[in-house]
Amino acid sequence: MSCRVKICGITNLEDALIACHHGADALGFVFYSKSPRYISPEAANAILDQLPPFIVPVALFVDAQRDFIDSVLVGSSRWIIQFHGNESDAECASYKRCFYKALRVKAGDDISSLVDDYPNAAAILLDAYKEGVPGGTGDVFDWSLIPSELSKPLVLAGGLSPENVQAAIERVSPYAVDVSGGVEQSKGIKSKKKVQRFIELVKTA
Ligand SMILES: O=C(O)c1ccccc1NCC(=O)[C@H](O)[C@H](O)COP(=O)(O)O
């Protein structure tokens, strides 16, 4: 099965269209104001209006207020949601949108049990844990901690890049891979060459 690719931390139309051109399956937009990849709801929805079909836009939140989440979602029916904080399954499901839950992996976590806490999630994203940094860490976590069988499709994240993504796919066989920092030229700005190379490597893995 071909692994799907999400390019996360999109902050401008040029990067969005380049990722689409090279075959990204999803684009992530970070609505977390402390991130250098933060984008406003207005700017993100303006980008969505320019996207071709067959691309999934992902709205990413970290324990955000309901009125803020609603202010993003109202801009397009195309949004799906990545909850990247401590949100409960019930809270996530209350938005009546397809969502998946990010879990930040620490040694000793019972990942299968954590996954079972989100019965309404369409998938689970596993990411690196870094104290005080909810995501976009650029860190790889120990992939051997990932159970061989999970009850939900797995999106693998955390420190992926063109240099390690094929090894990650070989080792983990995820449903999808997610990358932010590993395809950037600077915080919030993607490298055209790295985006193209990353997607090529995923699609030929
Ligand atoms: O990307 C961010 O800056 C970010 C900030 C706060 C919460 C989540 C964030 N990103 C979420 C993602 O899905 C990232 O793609 C994922 O954490 C992997 O990032 P990276 O290790 O830089 O590839």
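In this text the structure is predicted, and so the values were computed from the model without any measurement.

What counts and what doesn't
Per chain, residues are indexed from 1 in the order of the written sequence. For a predicted model such as this one, the threshold for reporting local features is a pLDDT of at least 70, and the threshold for listing and counting side-chain atom pairs is 80 or more; totals across whole chains, interfaces and linings nevertheless cover every residue. As a rule here, side-chain values come from all non-hydrogen atoms in the structure, and water together with hydrogens is ignored. A run of H or I in DSSP becomes a helix once it reaches four residues, and a run of E becomes a strand once it reaches two; helices and strands are each numbered from the N terminus. Counting of polar contacts relies on pairs of N or O atoms within 3.5 Å, with two restrictions inside protein: one atom must be capable of donating a hydrogen and the other of accepting it, and residues adjacent in sequence are counted only when both atoms are side-chain atoms. Burial classes follow relative accessibility: with a 1.4 Å probe on protein chains only, a residue under 20% of its type's maximum area counts as buried, one over 50% as exposed, and anything between as partly exposed. An arc is given here, and it is the one of the directions from the helix axis to the C-beta atoms. Should any heavy atoms of two residues lie within 4.5 Å, those residues are counted as being in contact. We call a residue near a molecule or strand whenever a single non-hydrogen atom of that residue lies within 4 Å of it. Note on areas: Shrake-Rupley with a 1.4 Å probe; residue coverage comes only from the protein chains shown. With a 1 Å grid spanning the protein atoms alone, the term cavity applies to any set of points in which a 1.4 Å probe fits but cannot get out, the term pocket to an open set with protein on both sides within 12 Å along at least five of seven lines, and the term lining residue to any residue with an atom within 4 Å of a point. To decide whether a molecule occupies a pocket or cavity, check its atoms: if more than half lie within 2 Å of the grid points, it is inside.

**Q** Hey, could you go over the environment of Asp-178 for me, with residue numbers and the actual values?
**A** Structurally, the position occupied by Asp-178 is in strand 8 (residues 176-179). Once the C-alpha coordinates of Asp-178 and Trp-143 are considered, the two residues, 35 residues apart in sequence, prove to be 14 Å apart. Of note is the side chain of Asp-178, whose polar atom sits 2.5 Å from the side chain of Lys-6.

**Q** Give a detailed account of helix 2 (residues 41-48), specifying residues and quantitative values.
**A** Think of an α-helix as 3.6 residues a turn; residues three or four steps apart then line up on the same face. Taken as a whole, helix 2 has its buried residues at Pro-41, Ala-44, Asn-45, Ile-47 and Leu-48. For helix 2, the arc enclosing every buried residue in end-on projection is 155°, short of the 170-degree limit, so these residues lie on one face. Where helix 2 is buried, its residues touch helix 1 (13-21), strand 2 (26-30), strand 3 (56-61) and helix 3 (66-73).

**Q** Mind laying out the site of the ligand, listing which residues take part and the relevant values?
**A** Inspection of the region around the ligand gives 22 residues, with Ser-35, Asp-127, Gly-136, Gly-159 and Asp-178 positioned closest. Here Lys-6 contributes a side-chain N or O atom positioned 3.2 Å from an oxygen atom of the ligand. A distance of 2.9 Å is found between an oxygen atom of the ligand and a backbone nitrogen or oxygen belonging to Gly-181. Protein coverage of the free-state accessible area of the ligand, which is 520 Å², stands at 99%. Judged by the fraction of its atoms near the pocket grid, the ligand is located in the largest pocket.

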